[in-house]
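Okay, here's what each chain looks like letter by letter:
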Amino acid sequence: MSDGFHDDMLCGASEPYPTTRFDDRTSAHMASTPLDWYRFATWLPRLGAVLWLHRAGDGVFPHARLLSRGVLLLDHPALAAFSGSAQVKAHSVVTARGPREWLELIDVESCCLARLYLLPDSDYLAWDAMLADCAITHAGASAATRWRAHAAFLHCALRGRRQCWQARTVRFPLLHLPRLHVLGLCAPLALSDLGQQLAQRIAEDERAELHFACP
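Predicted model, so just to flag it, every value in this text is computed and none were measured. (Residues numbered from 1 in each chain as written. Predicted model: local features only at pLDDT ≥ 70, side-chain atom pairs only at ≥ 80, totals over all residues. Heavy atoms only, no water.)

What follows concerns the sheet that holds strand S9 (residues 174-177). A sheet is described by the order of its strands in space; here four strands give the open sequence S2-S3-S10-S9, paired in mixed fashion. Edge strands, defined here as strands with exactly one partner in the open sheet, are strand S2 (63-67) and S9. The mean inter-strand angle of the sheet, taken between neighbouring strand axes irrespective of direction, is 20°. (Pairing = 2+ DSSP bridges. Helix = DSSP H or I, 4+ residues; strand = E, 2+ residues; numbered from the N terminus. Axes fitted to C-alpha atoms, helices over the stretch in contact; angles between N-to-C directions.)

One pass over the full model with this rule turns up six salt bridges. Across the pair Arg97 and Glu204 runs a salt bridge whose closest N-O atoms are separated by 3.3 Å. One end of the pair, Arg97, is in the loop between strand S4 (87-95) and strand S5 (98-106); the other, Glu204, is in helix H6 (residues 193-205), and 107 residues separate them in sequence. Salt-bridge contacts for Glu104 lead to Arg115; the nearest nitrogen and oxygen are separated by 3.2 Å. Placement of Glu104 in strand S5 and of Arg115 in strand S6 (residues 112-122) is noted, with a sequence separation of 11 residues between them. Look at Glu104 and you get buried, because its relative accessible area is 7%. Of the residues examined, Arg115 reaches a relative accessible area of 2% and is grouped as buried. Sharing partners across several salt bridges, the network here consists of Arg97, Arg100, Glu204 and Asp205. (Salt bridge = Lys/Arg side-chain N within 4 Å of Asp/Glu carboxyl O. Buried < 20%, exposed > 50% of the residue type's maximum accessible area, 1.4 Å probe, protein only.)

This next bit is on helix H4 (residues 124-133). Regarding H4, the residues found buried are Ala126, Trp127, Met130 and Leu131. One side of H4 carries all its buried residues, which in axial view fall inside an arc of 135°. For H4, the exposed residues lying more than 90 degrees away from the buried face are Leu125 and Ala132. As for H4, its buried residues are in contact with helix H2 (37-43), S4, S5 and S6. Regarding H4, its N-cap is Asp123, as a side-chain oxygen of that residue lies 3.1 Å from the backbone nitrogen of Leu125 further along. Two residues or fewer past H4, Ala135 is found with a positive phi of approximately 50°. (Arc of directions from axis to C-beta. Contact = heavy atoms within 4.5 Å. Polar contact = N/O pair within 3.5 Å; in protein donor to acceptor, adjacent residues only side chain to side chain.)

We now examine the pairing of S4. Direction of pairing for S4 relative to S5: antiparallel, over a ladder of nine bridges. Considered in S5, the bridge of Thr95 is made with Gly98. Connecting S4 to the next strand, S5, in antiparallel fashion are two residues.

Moving on, we get to the packing of aromatic side chains. By the definition in use, this model includes six aromatic pairs. Here the aromatic rings of Phe40 and Phe82 are separated by 6.2 Å at their centres, their planes lie at 35°, and the arrangement is tilted. Of this pair, Phe40 sits in helix H2 while Phe82 sits in helix H3 (residues 81-84), placing them 42 residues apart in sequence. Like Phe82, Phe40 is buried. (Phe/Tyr/Trp six-rings, centres within 6.5 Å; stacked < 30°, edge-to-face > 60°.)

Another point: the pairing of S5. Of all nine residues in S5, seven are buried; the element is thus mostly enclosed. The sheet contact formed by S5 and S6 spans five bridges and is antiparallel. Considered in S6, the bridge of Ile106 is made with Cys112. Connecting S5 to the antiparallel partner S6 that follows it, the hairpin turn spans five residues, and Ser110 within it adopts a positive phi of roughly 65°.

The strand order across the open sheet built from seven strands is S7-S4-S5-S6-S1-S8-S11, with neighbouring strands paired in mixed fashion. One side of each edge strand has no neighbouring strand; the edge strands of this open sheet are strand S7 (137-138) and strand S11 (209-211). Set on the sheet, H6 makes contact with strand S1 (48-55), S5, S6, strand S8 (165-170) and S11; between it and S6 the angle comes to about 155°.

The next point concerns the nonpolar core. In this structure, Phe40, Trp52, Phe82, Leu103 and Phe172 are the most contacted members of the largest nonpolar core, which totals 36 residues. The set of elements that each furnish at least two residues to this core consists of H2, S1, strand S3 (70-74), H3, S4, S5, S6 and H4. For this core, the element with the highest residue contribution is H2, accounting for five residues. One finds Val93, Trp102, Leu191 and Ala208 within the second-largest nonpolar core, a separate group that totals 17 residues. (Core = buried A, V, L, I, M, F, W, Y, C linked by side-chain atoms within 4.5 Å.)

What follows is the structure in C-alpha cells.
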C-alpha cells in the first residue's frame, strides 16, 4: 500500500458501526454508461493534494458502497458522499480569481453531495487520465454554475436540519484487501503556499469552513 496508509488509517478509523450501502445499479438509469466506482476510487490516490468539500454530519459512520469488485469501505465520516452518489460530473470555469476545475458527486435527486477541487499541488496529468479512463462527463460552465455556491449557502440556511459545507485539504489513500477496498482521507504530505491560498479562496467562495489538516 502506498502513501503510508497503514499509519494514516488511524486518521478516521473507528470501531465497527452499521454501514450505509448504495448499489451501483441504482444509478444506471441516470447515464447510458454508469460510472465504474471501483475504477474511480483507484484514481483518487494518484491526484495527490486536493480540496474536498462536504457537508458535516451526513449520517452514520462508517459508510460503504457495493462495487463490481467487492465493497468500498469509507474510512472517514467526511467521505459519506461516496456511498450516496449516483454520478460524478466534471466542471471548469474561469473566475475573477483564476481558473478552477472540480468534480461534483451528485445523488439520484440531482443534489450535490460533495466537491473535489484541484489545487496547484494536484497531479493534473492524473486528473486528465482519470476523466478519460472513467468517462466522466464534463458539464461545462454556466452562470448557474458560477453562482451555485451562493444558492447552496441560502439553501443550507433555509434547511436547518442540514449543515453547511466544510472544506479540507486532503489526499485519498486506498488500501486493497480481498473483495474489500478501504478509502481513507488524510492531510497532504505537503501543501504549497499557493495551494493554501487557493484552498482559502475556494472555501470563501463556497461559504465553507476550511480545515488544513485531518482531525
